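# Overview (structure and organization)
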Amino acid sequence: MNEYVLEMKGITKTFPGVIALDNVSFGVKKGEVHALVGENGAGKSTLMKILNGVIKANSGEMYLDGTKTNISGVNDAQDKGLSIIFQEFNLINTLSVAENIFLGGLNRPKIVDWRNMRIKAQGLLKSLGFSFDVRRVVGELSTAEKQLVEIAKALSFNSKIIVMDEPTSSLTKSEEKMLFKIIKELKAKGVTIIYISHKLEEIFEICDTVTVLRDGKVIDVNPVSAITKDMIIEKMVGRTVDVEYPKRTILPGEKVMEVKNLYRTKILKNISFDLRKGEILGIAGLVGSGRTELAEAIFGAERFDKGNIKINGKVIKLRSTRDGKANSIGMVTEDRKETGLVLDFSVTNNITITNLNNVTSQRILNSRKEKDVAKRFIEELKIKTPSHKQEVVNLSGGNQQKVVLAKWLFSNADILILDEPTRGIDVGAKYEIYCLMNKLVAEGKSIIMISSELPEVLGMSDRILVMHEGEIKGELLGESASGEDVMQMIIN
Amino acid sequence: MKSYSITNDINNKLVIFLKKRAVTVLLLAFIVFMVISKPSFYSWGNITNILTEMSVYGIVAFAMTVAIIGGEFDLSASSIFGWATVFFISITNTLGLIPAFFLTLISGILMGMVNGFLVSKVKLNAFVVTLATMTIIKGLTFFYTGGSPINTSNETLIAIGAFNVAGITLTPIIFVIALIVFILILAKTRFGRNIYATGGNYHVAKLTGINVDYYKFIIFVIVGFCSALAGILLCVRVQAGSALYGKDLALYAVTATVIGGTSLSGGNGGVAKTVIGLLVMSVLFNALTLLGVEGYFQQLIRGIVLIAVIIIDTVIKKKNK
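Residues numbered from 1 in each chain as written. Chains lettered and ligands numbered in written order. Predicted model: local features only at pLDDT ≥ 70, side-chain atom pairs only at ≥ 80, totals over all residues. Heavy atoms only, no water.

Let's shift gears to the overall build of chain A. Each helix and strand in chain A was counted, giving 17 helices and 22 strands. Its C-alpha atoms give chain A a radius of gyration of 24 Å, near enough to 23 Å, the size a compact globule of 492 residues would have. Counting only C-alpha atoms and orienting by the principal axes, one finds that chain A spans roughly 70 × 50 × 45 Å. Here chain A holds 492 residues, and the buried ones make up 53% of them. At a minimum sequence separation of 6, the contacts of chain A that also span at least 24 residues come to 65%. Taken as a whole, chain A presents about 22,400 Å² of accessible surface, with 48% of it coming from carbon and sulfur. Both charge centroids of chain A, one from 69 positive and one from 64 negative side chains, sit 4 Å from each other. (Helix = DSSP H or I, 4+ residues; strand = E, 2+ residues; numbered from the N terminus. Rg over C-alpha atoms; globule rule 2.2 N^0.38 Å. Buried < 20%, exposed > 50% of the residue type's maximum accessible area, 1.4 Å probe, protein only. Contact = heavy atoms within 4.5 Å. Areas by Shrake-Rupley, 256 points an atom, 1.4 Å probe, with all protein chains shown as cover. Lys, Arg positive; Asp, Glu negative; His and termini not counted. Charge placed at Lys NZ, Arg CZ, Asp CG, Glu CD.)

Within chain B one finds 14 helices and four strands. The globule rule puts the C-alpha radius of gyration for 321 residues at 20 Å, and the 21 Å found for chain B is close to it. Going through the 321 residues of chain B one by one, you find that 49% of them count as buried. In chain B, of all internal contacts separated by at least 6 residues, the share reaching a separation of at least 24 is 79%. With an accessible surface of roughly 15,300 Å², chain B has 72% of that area assigned to carbon and sulfur atoms.

A separate point is the pairing of strand 14 (residues 306–311) of chain A. Within a regular strand, the side chains alternate between the two sheet faces. Residue and element names in this part refer to chain A. The pairing of strand 11 (residues 255–264) with strand 14 spans five bridges and is antiparallel. Across the sheet, M257 pairs through a bridge with I311, a residue of strand 14. The pairing of strand 14 with strand 15 (residues 314–315) spans two bridges and is antiparallel. From the neighbouring strand, K310 faces strand 15, where its bridge partner is V315. Hairpin remark: strand 14 followed by strand 15, antiparallel, with two residues in the connecting loop; positive phi at N312, about 50°. (Pairing = 2+ DSSP bridges.)

Taken residue by residue, the interface counts 22 residues in chain B and 30 residues in chain A. Between chain B and chain A lies a buried interface of about 2,100 Å² when both sides are counted; carbon and sulfur atoms form 59% of it. Inspection of the chain B/chain A interface yields one salt bridge. With its nearest N and O atoms 2.9 Å apart, the salt bridge here joins E370 of chain A to R193 of chain B. One can count seven residue pairs in polar contact (both at pLDDT 80 or more) joining chain B with chain A. Sorting the residues of the side of chain B that touches chain A by element identifies helix 8 (170–188), helix 9 (190–200) and helix 10 (202–207) of chain B as the ones contributing at least two each. Sort the elements by how many residues they give to the side of chain B that touches chain A and helix 9 of chain B lands first, with six residues. (Buried area = accessible area lost by both parts, 1.4 Å probe. Salt bridge = Lys/Arg side-chain N within 4 Å of Asp/Glu carboxyl O. Polar contact = N/O pair within 3.5 Å; in protein donor to acceptor, adjacent residues only side chain to side chain.)

Proteins that are soluble and globular tend to have nonpolar side chains buried together. In this structure, F62, F88, F182 and L278 of chain B are the most contacted members of the largest nonpolar core, which totals 87 residues. Broken down by element, the residue count for this core peaks at 15 residues, all from helix 11 (residues 212–238) of chain B. Setting aside residues up to four positions removed in sequence, F88 of chain B forms contacts with L97, A100, F101, T104, L157, I232 and C235 of chain B. Counting 66 residues, the second largest nonpolar core, distinct from the first, contains L294, V373 and I378 of chain A together with L207 of chain B. (Core = buried A, V, L, I, M, F, W, Y, C linked by side-chain atoms within 4.5 Å.)

The subject of this paragraph is the packing of aromatic side chains. Applying the stated criterion to the full structure yields 16 aromatic pairs over all chains. On the numbers, 5.5 Å between centres and 90° between planes, the contact of F299 of chain A with W408 of chain A is edge-to-face. Of this pair, F299 of chain A sits in helix 9 (residues 291–299) while W408 of chain A sits in helix 14 (residues 397–410), placing them 109 residues apart in sequence. Residue F299 of chain A shares its accessibility class with W408 of chain A, and that shared class is buried. Judged by centre distance (5.4 Å) and plane angle (50°), the rings of F191 of chain B and Y215 of chain B are tilted. Of this pair, F191 of chain B sits in helix 9 while Y215 of chain B is found in helix 11, placing the two residues 24 residues apart along the sequence. Against the face of F377 of chain A rests R376 of chain A, its NZ or CZ located 4.8 Å from the ring centre. (Phe/Tyr/Trp six-rings, centres within 6.5 Å; stacked < 30°, edge-to-face > 60°. Lys NZ or Arg CZ within 6 Å of the ring centre and 35° of its normal.)

On to the sheet that holds strand 12 (residues 268–276) of chain A, then. Pairing between the strands of a sheet is mediated by backbone hydrogen bonds and can be parallel or antiparallel. Residues and elements named next belong to chain A. Reading across from one edge, 12-11-14-15 is the order of the four strands in this open sheet, with antiparallel pairing throughout. Every interior strand has two partners, whereas the edge strands, strand 12 and strand 15, have only one. Pairing geometry for strand 11 and strand 12, over six bridges, is antiparallel. Along strand 12, the bridge assignment pairs V259 with F273. Here helix 9 sits on the sheet and contacts strand 11, strand 12 and strand 14; the angle it forms with strand 12, its principal contact strand, is near 65°. (Axes fitted to C-alpha atoms, helices over the stretch in contact; angles between N-to-C directions.)

In this section: the domain arrangement of chain A. All names here are of chain A. Segmentation of chain A into domains returns domain 1 (4–237) and domain 2 (255–491). Here the C-alpha centroids of domain 1 and domain 2 sit 32 Å apart. Contacts between the two partners involve nine residues from domain 1, matched on the other side by 12 residues from domain 2. Surface buried jointly by domain 1 and domain 2 totals about 920 Å² across both partners, of which 61% is contributed by carbon and sulfur atoms. Along the contact surface separating domain 1 from domain 2 lie zero salt bridges. Linking domain 1 with domain 2 are zero residue pairs in polar contact (both at pLDDT 80 or more). Residues of the side of domain 1 that touches domain 2, tallied by class, amount to three nonpolar, four polar and two charged. (Domains from an automatic or database assignment. Nonpolar A, V, L, I, M, F, W, Y, C, P; charged D, E, K, R; others polar.)

All names here are of chain B. Following both chains from N to C, one finds helix 12 (residues 249–260) and helix 13 (residues 271–290) inclined at 115°, their axes separated by 7 Å at the closest point. As the angle between them shows, helix 12 and helix 13 are arranged roughly perpendicular. Handedness of the helix 12/helix 13 crossing: right-handed. Along its contact with helix 12, which presents Y252, T255, A256, T257, I259 and G260, the element helix 13 presents K273, T274, G277, L278, V280 and M281. For the contact of helix 12 with helix 13, the residue count by class is six nonpolar, five polar and one charged. (Parallel < 35°, antiparallel > 145°, perpendicular 65-115°, else oblique. Left-handed = near helix turned anticlockwise from the far one by under 90°.)

Right, let's get into the sheet that holds strand 21 (residues 463–468) of chain A. All names here are of chain A. A sheet is described by the order of its strands in space; here six strands give the open sequence 16-19-20-13-21-22, paired in mixed fashion. At either end of the open sheet lies a strand with only one pairing partner, and these are strand 16 (329–332) and strand 22 (471–477). Going from strand to strand, the sheet's axes swing by 20° on average, the running direction of each strand aside. Contacting strand 13 (280–285), strand 19 (415–419) and strand 20 (446–450), helix 15 (residues 427–442) crosses the sheet at an angle of about 145° to strand 20. Strands strand 13, strand 21 and strand 22 of the sheet are contacted by helix 17 (residues 483–491), whose axis makes an angle of about 160° with strand 22.

Residues and elements named next belong to chain B. Taking 1.5 Å as the rise per residue, helix 13 with 20 residues should run 28 Å; its terminal C-alpha atoms sit 28 Å apart, in good agreement. Of all 20 residues making up helix 13, 15 are buried, and the element is well covered by its neighbours. After helix 13 finishes, the residue G292 shows a positive phi value of roughly 85°. (Expected span 1.5 Å × (residues − 1).)

A few words now on a nonpolar patch on the surface. Together, L95, I98, F101, F102, L103, I106, L110 and M113 of chain B give the surface a local cluster of nonpolar side chains, amounting to about 750 Å² of exposed area. Mapped onto the elements, L110 of chain B comes out in helix 5 (residues 97–120). (Patch = residues over 30% accessible without salt bridge, like charges linked within 9 Å, V, L, I, M, F, W, Y side chains within 5 Å.)

With that out of the way, let us pick up the packing of helix 4 (residues 77–94) of chain B against helix 5 of chain B. Each pair of packed helices can be described by the angle between their axes along with the distance between the axes. Residues and elements named next belong to chain B. Orientation of helix 4 relative to helix 5, taken along the N-to-C sense of each, is 155°, at an axis distance of 8 Å. Overall, the two elements helix 4 and helix 5 adopt an arrangement that is roughly antiparallel. Crossing hand, helix 4 versus helix 5: right-handed. Of helix 5, the residues touching helix 4 (which contributes I80, W83, A84, F87, F88, I91 and T92) are L97, P99, A100, F101, L103, T104, S107, G108 and M111. For the contact of helix 4 with helix 5, a count of residues per class yields 12 nonpolar, four polar and no charged.

Structure below.
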């Protein structure tokens, strides 16, 4: 029975009014990479928080190496060789790499031995196959490097089990490759990894076993070799999903936006393109290619030095986002928590904020009108929320994203810029957002979609602009383009 | 744990209510205690006294609450208030009451505009900016008066000061009007909602097409205006101005706001809550005076109450999570 390094048996956790985990049993074998998948709200995070000792289960038992254990908190978890690397890193940006690695170190002496600490930190990075100056401040590192620091930190506790929560969500393709290499090396060293991800392709690349959670229950445990992507999706959502990207009939109308020679020193180089009515225009490119900067320039959030933008044939002035909004442009930003939603605000207040004049009578806000608007969007976009008064911080990622969309729909934007519209949300909610995009263009709106997920750009766009180093390298038709075509354009 | 009985549910609701309104509940309990133990507390004279005491600073506390909701903070309110008292009295003595009234308000607005410009356009930190303007305005006021208080014997002003309805003077009336106006603005207008959004998350507000710079600017104008207005109201009562008036005002206003339950991180709270904070402070000190506690000692208690309230608040918030 000792083949399991970790076993959780019969875990049940209820929150007021919800059963988050219902008699869940979860076992991980030593040295394997074990994928934990499920839609948002399926119970993955709750299970990991119980594992980490952050929250207590109502019932159930936990075994480490076959012995029954109780984990009382994060420090206890670390003592017992458990580390979790969350999507939002737990690093202090103003401290150095070495300090971060040994922060909260178990036997931290009262007086810091800097030399020793640096040597040890360097050693840990080296064991992962990397060497960079551990005196560098973490705030200056790239996302991938920060992740490396997190992994080194986990190793500094001699972790036997490392949980990675959506580790690739903000990595570029090549960084992703690097991470997979590290995971394989860790595995070879006998470290067990629990891998949480929405990107199912990754699971087939590096995982050995997959556990599917749905509505707080374990639906299935299988070796990866015995299962297909479609089977996993089916088990996650509880129904068959016919196509990943819903089809639509393309009705390209007249030009609604013409961007000419947009230039911003060092960032954007003579960008020109048109956007037609009823069209989804995809922008593909690596992180840092200027995609987001372009979107911000079109919306008025960032300046540009030269060039002009025409809306419906007329050159517009874009000095601020107010001008963007006034010209019927809306922008769903890539980070809904930081730049998309006021998290303390209710669903209602987040939606109506773009167009408060529409819910006033004699300049006084009318709460009944606001409620009606919110209820309309909750119904139309199938936003899952206990009430329109619920604070958005309590909603799942997919539902938060729908609220951001609702807010721009309420502003009556005709041109919607969607920056990473499905980042970090589950398959079911993704599909709903794709359907919604199709519905919007069918209604005559136009969409510019930026995405790091190539299949998504290829599957959803009518035309694709390929960006690299602030330049448009070429244009492809969504119907016929392949991932290789896009990569070719970037490389050449 | 799957079913809840109805009584349980009501109990839960009561507990949640008590937790959310812990400060209010404590205040009411304290008032009941005072009414029973000290009959003079309950006299009409004392009640109007409490109202008058809290009204002058209260108007500034409302403005400070708006600033804090918008994610800002204004230390210079103290100095603008002191400036307003001497400027108002001196203009009353030279040009007359009505020019004094308008010129003082305008001067408060101008000072607020300077703060607002430096914070919203030059993008300086509000703490530093208002610390500097606080010192500058205080210096200006001392320079203007030569350090000594100035008086007036303007008869109209004395008459306005004496005006009252059943012991209620002009100040509490204006306080209540200000309260209603602020509640309406914050809860019921686009302007108010945008202040919450700006304070709740500046970047989100900006990327939503809200003119965030304007709201950051106007916050300071509101504080400047209210500080000047409160200065005038004090002059109506005491017919004198001094650079030393209002030196604890800014911190008093912040204290009342925080005790009331408006979070210093911005984006939530409201002026009705601040009324509770004001009541806690003025009722408590009135009571302490009636009970014969020495003035210096009251300062100490004020600090302890602030810390205690914040601790209670934080502990409850943590528990609710």
